[in-house]
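# Close look at the chain arrangement
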Amino acid sequence: MDTWRLLLTPAARGAWNMAVDEAILEHVGRGETAPTLRLYAWQPPCLSLGHAQAMAEVDFGRLRERGWEMVRRLTGGRAILHTDELTYSVIVPPDEPRLAGSLLQSYQRLGGALLAAVRSLGLSAEMKERALEAKKATPNPVCFEMPSSYEITVNGKKLIGSAQARRREGVLQHGSLPLTGDLTRITQVLAYTREAERQEAAQRLRARAATLEALLGHHVSWDAVAQAFVQAFEVELNLRFAPGALSESERQRADELVREKYAHPAWNERI
């Protein structure tokens, strides 16, 4: 049975969160850090864009009015408003067998652990490959409006949104589980040509996604959800976790990545 490092990190700004994930990836790739499951949160709320998503889809005036931030992820996918959620990241070297094979195969394996975690909290969740007609659907800026293959749904509503990046250093997959609050808040900071479009987008999102609290009918704490993730990953992936902390080298590299990349217009505003 392999041992991975477990990191439970305090809520932090978006640029720091993305920088930490990449710093860990670099250290894992060099064999300086064990494969890592990191569970974390965001403060203040932050809109994250996918690696290739256009900035034109963001209404920066509305974003500033609310005091929210924006960061561009290393991974692909569409926009997510990170607030009132648990975020996970799985970071492993390229030869980690649990993420071997195709992108979809690794999604399916990690999805099995996510599914077990959600079910342990009392939900009848599902995970299946996305239907062909869904794959051909018109692109939209909101991640949670359409499930991807092997993402977690409950009664047809998307619950966890995930994205993965594969680099020579290894594999990074991170995802978001909204715990509470109004999921349609994201539509207030995206760019629409008409207010009617914004309202329609909010209605679609409300019909296609949900928070953990809305589905369960009661609140579950961040700590309780984190414990469910840890137990499910250990069982489903046949591993054990050793609680740890960021190394000084990882922290220094994360600081560099904040300055040079994730808080810098050259990265965030490049598209």
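Located above this text is the structure these notes cover.
Values in this document were obtained by computation on a predicted structure and should not be read as measured data. (Residues numbered from 1 in each chain as written. Predicted model: local features only at pLDDT ≥ 70, side-chain atom pairs only at ≥ 80, totals over all residues. Heavy atoms only, no water.)

Between the first and last C-alpha of helix H7 (residues 222–237) there are 22 Å, a value that for 16 residues agrees with the 22 Å anticipated at 1.5 Å per step. Residues of H7 that are buried: Val 225, Ala 226, Ala 228, Phe 229, Val 230, Ala 232, Phe 233 and Leu 237. Count one or two residues on from H7 and you reach Asn 238, which has phi positive near 55°. (Helix = DSSP H or I, 4+ residues; strand = E, 2+ residues; numbered from the N terminus. Expected span 1.5 Å × (residues − 1). Buried < 20%, exposed > 50% of the residue type's maximum accessible area, 1.4 Å probe, protein only.)

To continue, consider the environment of Ala 165. Here Ala 165 is to be found in strand S9 (residues 157–167). Once the C-alpha coordinates of Ala 165 and Leu 74 are considered, the two residues, 91 residues apart in sequence, prove to be 6.9 Å apart. With residues up to four places along the chain from it excluded, the contact list for Ala 165 reads Leu 74, Thr 75, Gly 170, Val 171 and Leu 172. (Contact = heavy atoms within 4.5 Å.)

Bringing the pairing of strand S3 (residues 46–49) into the picture now. Neither face of S3 is exposed, since Cys 46 and Ser 48 on one face and Leu 47 and Leu 49 on the opposite face are all buried. The pairing of S3 with strand S4 (residues 69–72) spans four bridges and is classified as parallel. The residue bridging Leu 49 from the neighbouring strand is Arg 72, located in S4. With helix H2 (residues 60–65) bridging S3 and its parallel neighbour S4, the resulting β-α-β unit is right-handed. (Pairing = 2+ DSSP bridges. Right-handed = clockwise from strand over helix to strand, strands pointing away.)

So, on to the packing of helix H1 (residues 14–29) against helix H8 (residues 248–262). Where H1 meets H8, the closest approach of the two axes is 8 Å, and the angle between their N-to-C directions is 125°. The angle between H1 and H8 places the two elements in the oblique class. Here H1 runs over H8; the crossing is right-handed. Listed contacts from H8 to Ala 15, Trp 16, Met 18, Ala 19, Val 20, Glu 22, Ala 23, Ile 24, Glu 26 and His 27 of H1 are Ser 249, Glu 250, Arg 251, Arg 253, Ala 254, Asp 255, Leu 257, Val 258, Lys 261 and Tyr 262. Among the residues forming the contact of H1 with H8, the class breakdown is 11 nonpolar, two polar and seven charged. (Axes fitted to C-alpha atoms, helices over the stretch in contact; angles between N-to-C directions. Parallel < 35°, antiparallel > 145°, perpendicular 65-115°, else oblique. Left-handed = near helix turned anticlockwise from the far one by under 90°. Nonpolar A, V, L, I, M, F, W, Y, C, P; charged D, E, K, R; others polar.)

Glancing now at the nonpolar core. In terms of nonpolar packing, the biggest core is built from 39 residues, with Ile 160, Val 225, Phe 229 and Phe 233 touching the most fellow members. Core analysis: the second largest hydrophobic core is formed by 23 residues, Leu 25, Tyr 40, Trp 42 and Val 258 among them. (Core = buried A, V, L, I, M, F, W, Y, C linked by side-chain atoms within 4.5 Å.)

Pairing is mixed in the open sheet, where eight strands are placed in the order S7-S8-S9-S10-S6-S2-S1-S11. The open sheet has two edge strands, strand S7 (125–127) and strand S11 (239–243), and neither has a second partner. On average, adjacent strands in this sheet sit at an angle of 20° to one another, irrespective of strand direction. Examined bridge by bridge, strand S1 (residues 2–8) and S11 share five bridges and lie parallel to one another. Residue pairing for S11: Thr 3 is matched across the bridge by Arg 240. The sheet strands contacting H1 are S1, strand S2 (36–40), strand S6 (85–92), S9 and strand S10 (170–178), and the helix crosses S2 at an angle near 170°.

This brings us to the pattern of salt bridges. Applying the stated rule across the entire model yields 19 salt bridges. Asp 21 is the partner of Arg 38 in a salt bridge, and the nearest nitrogen-oxygen pair spans 2.8 Å. Placement of the pair is Arg 38 in strand S2 and Asp 21 in helix H1, with a sequence separation of 17 residues. The same class applies to Arg 38 and to Asp 21, which are both buried. The shortest N-O distance in the salt bridge between Arg 62 and Glu 195 comes to 3.4 Å. (Salt bridge = Lys/Arg side-chain N within 4 Å of Asp/Glu carboxyl O.)

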